[in-house]
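Commentary on secondary and tertiary structure
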Amino acid sequence: MEKEDLKLLNKGEEEEMELHGYRLCRWRLALVGFGVLCTGGFLLLLLYWMPEWCVKSTCTRTTARDAEVVLLRSTVRSNIYVRFRLMLCQLFIRYFTFHSTKYYWNHELQNFQVLMKLFFGVNEIAVKVPSVFKLLIKEVLNPFYIFQLFSVILWSADEYYYYAVAIVFMSVVSIATSLYTIKKQYIMLHDMVTAHSIVRVSVCRTNKDIEEILSTDLVPGDVMVIPNNGTIMPCDAVLVSGTCIVNESMLTGESVPVTKTNLPNSVEGEGDDAYNTEEHKRHTLFCGTNVIQTRFYTDELVKAVVVRTGFSTAKGQLVRSILYPKPTDFKLYRDAYLFLLCLVAVAGIGFIYSIVLSIINKVPAKTIIIESLDIITITVPPALPAAMTAGIVYAQRRLKQSGIFCISPQRINICGQINLFCFDKTGTLTEDGLDLWGVQRVENSSFHLSEENAYKENLVKSQFVACMATCHSLTKIEGQLSGDPLDLKMFEATGWILEEATEEETSLHNRIMPTVVRPPKQLLPPEPASSSERDMVHTSAYEIGIVRQFPFSSALQRMSVVARLLGEKRMDAYMKGAPEVVASLCKNETVPEDFAEVLEDYTKQGFRVIALAHRRLESKLSWHKVQNISRDHIETNMEFLGLIIMQNKLKNETPGILQDLHRANIRTVMVTGDNMLTAISVARDCGMIPPDDTVIIADAHPPQYGQPARITWRYADKPSKTSRYEPKSKEQYHFAMNGKSFATILEHFPDMLQKLVLRGTVFARMAPDQKTQLIEALQGVDYYVGMCGDGANDCGALKRAHGGISLSELEASVASPFTSRTPNISCVPNLIREGRAALITSFCVFKFMALYSIIQYISVTLLYSILSNLGDLQFLFIDIAIILIIVFTMSLNPAWKDLVPRRPPSGLISGPLLFSVLTQILICLGFQIITFVWVQKQAWYTVWKPFTDVCNHSSQLNVSELNNTELDEHNIQNFENTSLFYVSSFQYLIVAVVFSKGKPFRQPKWTFFLSLVKLFLIILINAAVSVMVEGGIDLRIYEHLSWLSCLRKRAPKARYMYLAKELMVDPDWPPRPTTTTEANGSTYEMRINS
């Protein structure tokens, strides 16, 4: 039944979960309640920590349809369970809320799903700041603090008051710091989300009236009016009329404004395509983005239809990812719990040992319970949580100093394991800006010779230059041209002028044009000098208006525009994009026969090549029809115009950084949207592919015409008759493929993909989602993958990688876990070095804390054998004066300056680490046993008793002083205690020095030794000064001090001195032999005998 009732939520998504249905059971609830009372509430805490146990102990299994309680289990990490009680809304539909998303029961699907069509709720991304009390309760109920509370109660019962107070103080400081940090993060996120989130918006109603409402009242389907002066979008909306210039840096980290055009209307006779966020993102205004300005036609308003609200928006999804981050599944953290369980098992042995020993020695039951439980508290050190995070905090601070900002600190440790790094090409490995190297026009289906530029009089009215001047998404913001750097370079090469059209300037057009481009007057050919007025009209008449834009699409790898020359009735379509794509959409007779050879020649030299095409549109296409036509009708039967050759130079730092990564045995992979041969050329230039290595291109073709899917293999460089292009060894070849081949292999050859990614170095023409799929494929073969990109089309890959770093000017971008303000890849080795240092620090600190527990455990166990223990102040001194100082200074070592081929271990449960810990345990155990036995073998050794004083054999104890002596009930004052305390204190220091690893992952530990040497020098100087001063006092200074004291006639402090002084001046003292002393009441009299 369980398998039949198993439901999957969010199937195929990141938050995929299994759902199990349960019904509440009264007798089980009563039984659990009785257990809670019997255990003093501990069972309730246990059920709070273990939701699975809570549900199974209070409920019975049932179908999801009849469930009152649901249990969710993550399919990503099978040990994560979440419990939810089903709620009932007004329409008697059952639902529950998980991660700020409501899941409703769907009778048709017989499963829970997000039913946004039925319930939208308030359009608000509600980040509620919890009260301090709620945060405190949640923090205090952490198992660690519950254990601390248990320990403090136990220590207080054993009269270890000082130590208990110190641990309480440490816990209070830790809780207060944690609460402050969490509260501050909630407030920052709340302020970031609420800023501009509630605004007044204008909404179109059915009667064409415009109503002003609050953005919180928006629901999907509302038609909102985008104001002319821009706004912060309060929801996700798709443009249905007009054009918007949008800054999406909050989402992508890319500060270049993006042009958003209206969604194309469906043509009659065609099936309506469903709206898809990914496919139509060039028409979608995303929540949280800044609309800088809008464009509209005639009297039409810029309108957008609301498609998503609240947490369903792009901004809401980002906020959810921050509020509910994906659990970090790292071997170190899993092994840490296993290691703690091992320590608890060791403590269990000590627990049994202490009980047996105490019973044999007839110790009172209360003492047996307290001391047996006390030995368990030693296994979990109080400073363990702070110690484990110290290294990460210091690493995060050092990263910030080097210009790398982190929003996911736990990933710093994982970065220390990275052994493969993916790089975007343009803007990451190469310069952001592209330089126009030349153009190569096509006429009569053949290439002209390459020309340096298109800024020529004879080309000013050519279709080639018209395509360069119109086919872009540039706009003017505050008088400055702004847009994609490639578009900017291409347009500037024409020398033309772009003007944002006004009604006066475009009055000659039938319709208002949003953008007009025209050449400068000096480029236009001179006209006959008939009249200056006619010349002026003719000169200004050569203008091209851009009627419709089809923005660049990463998936389609092209963009196109519809334009019209002033005075012409027919319109023209211009297209630019990837040469292979553009050529496939052109008439075959217009594409030169040597197109492939010319393109290959340019790409092999590392140039970025853009192809241009043109088409004269039918005269029946009016302005209104063009606004509603699909791009597929425009982008077909084009005429090939030629190529634009752009030079994309490598950044100066790129080759050196990649060489450092190769020396450190870190694989490098290029993932780009550029041409494959260009990418291979750049990979060779930057050293990603060595000059002598062979590149094998995998061309995969999907099944078609009844033939199965197939892969054809070829060399990137055409091999000659000799075999010099054959791979000399299995280590000297690389695979390269484009996005289409990758998609085909992923679908039809999944097993082959794992083999290809092992040696795949260049992945070209990759769409944004394919980059994410590649990261997942690399992680699937157990690579620790890093990703470096500019944040524009790499957001998914940056988030999915173990260590994604975005090159952005923003201080912190939600596009990736790490953001670098350094505009080159020099941040990559810095991140890996700091990750390795933080990882090694975590290992060192954990090993030290484990040894600290074991050393103290050994000391206490040995002392238990003589019914003794460490004292209150001894525990306090060890934990505060030794352990805390060592833990926080051990984490201070900065990262080593170079990357080395060896990586740190990924987990604690490994041979070398276990051997290291076990050998140190045996060494410490051996020397403590030797000390314990050696002391008892000494001639002066006696069993300690309250009156024992072996240091002063002639001691004469006064009875009154003896009565005031505090009895040693815990038998702490003994020789074994003192000896083990001294030895164990030095063992803590020795282990700290031994485990404080330096080179090759952290700065050498001689700095730590130097600190110790300085400390010993201070101690020696202190001792020398003390001895010299004391010796001087004994020899000479004492006499001078005595003489000085005689100058001051003070009353003697001692009674006998006072009496002696009185008797010296008494004339009747000493009594004379001829006198008699007689008592007279309370006095006496002296009489002289006669």
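Residues numbered from 1 in each chain as written. Predicted model: local features only at pLDDT ≥ 70, side-chain atom pairs only at ≥ 80, totals over all residues. Heavy atoms only, no water.

As named in an unreviewed UniProt entry, the chain is Polyamine-transporting ATPase 13A3, taken from Oryzias sinensis. Listed in UniProt under the heading Sequence similarities (unreviewed entry), the comment for the chain reads: "Belongs to the cation transport ATPase (P-type) (TC 3.A.3) family. Type V subfamily." Word for word, the UniProt comment on the chain under Catalytic activity (unreviewed entry) is "putrescine(out) + ATP + H2O = putrescine(in) + ADP + phosphate + H(+)". (UniProt positions renumbered as here; feature names shortened; annotations may be inferred.)

This part takes up the environment of threonine 942. Mapped onto the secondary structure, threonine 942 falls in the loop between helix 30 (911-936) and helix 31 (959-963). Judged by relative accessible area, threonine 942 falls into the partly exposed class, the value being 32%. Measuring from C-alpha to C-alpha, the distance between threonine 942 and phenylalanine 975 comes to 8.4 Å, with 33 residues separating the pair along the chain. (Helix = DSSP H or I, 4+ residues; strand = E, 2+ residues; numbered from the N terminus. Buried < 20%, exposed > 50% of the residue type's maximum accessible area, 1.4 Å probe, protein only.)

The geometry of helix 24 (residues 739-748) relative to helix 25 (residues 750-759) is characterised by a closest axis approach of 5 Å and an angle of 130 degrees between their N-to-C directions. If you check the angle between helix 24 and helix 25, you find them oblique. Residue-level inspection shows Phe742, Ile745, Leu746, Glu747 and His748 of helix 24 in contact with helix 25, the latter providing Pro750, Leu753 and Leu756. (Axes fitted to C-alpha atoms, helices over the stretch in contact; angles between N-to-C directions. Parallel < 35°, antiparallel > 145°, perpendicular 65-115°, else oblique. Contact = heavy atoms within 4.5 Å.)

Another point: the state of the cysteines. Evaluation of the coordinates by the stated rule reveals zero disulfides. Between cysteine 235, a free cysteine, and cysteine 287, which holds the nearest cysteine sulfur, the sulfur-to-sulfur gap is 6.8 Å. Counting only cysteine sulfurs, cysteine 827 is the nearest neighbor of cysteine 788, a cysteine outside any disulfide, at a range of 4.8 Å. The exposure class of cysteine 788 is buried, given its relative accessible area of 0%. (Disulfide = S-S within 2.5 Å.)

A separate point is the sheet that holds strand 40 (residues 818-820). A sheet is described by the order of its strands in space; here 10 strands give the open sequence 20-40-39-38-21-33-37-36-34-35, paired in mixed fashion. The sheet is open, and its two edges are formed by strand 20 (404-406) and strand 35 (710-715), each paired on a single side. Sheet twist, expressed as the mean angle between neighbouring strand axes with direction ignored, is 20 degrees. As defined by bridge partners, strand 33 (residues 667-671) adjoins strand 37 (residues 760-764) across two bridges and the pair is classed as parallel. Following the sheet pairing, valine 671 is matched in strand 37 by phenylalanine 763. Along the sheet, helix 26 (residues 768-780) makes contact with strand 21 (420-423), strand 33, strand 37 and strand 38 (785-789), crossing strand 38 at roughly 160 degrees. (Pairing = 2+ DSSP bridges.)

So, on to the pairing of strand 31 (residues 608-616). Most of strand 31 is tucked away, with eight of its nine residues classed as buried. Here strand 30 (residues 572-577) pairs with strand 31 via six bridges, running antiparallel. Paired with lysine 576 across the two strands is leucine 612, which belongs to strand 31.

The pairing of strands in a sheet comes from backbone hydrogen bonds and takes either a parallel or an antiparallel form. Pairing within the open sheet is antiparallel, and its six strands lie in the order 11-10-12-19-14-17. Where the open sheet ends on each side, the last strands, each with one partner, are strand 11 (210-214) and strand 17 (284-285). Direction of pairing for strand 10 (residues 200-204) relative to strand 12 (residues 223-225): antiparallel, over a ladder of three bridges. Bridge assignment links serine 202 to a residue of strand 12, and that residue is valine 225.

Moving on, we come to unusual backbone geometry. Not every positive phi belongs to a glycine, and asparagine 444 is a case in point at roughly 55 degrees. Mapped onto the secondary structure, asparagine 444 falls in the loop between strand 22 (435-443) and strand 23 (446-447). Residue asparagine 444 is classed as exposed on the basis of its relative accessible area, which comes to 77%. Of note, asparagine 637 is a non-glycine position whose phi angle comes to about 55 degrees, a positive value.

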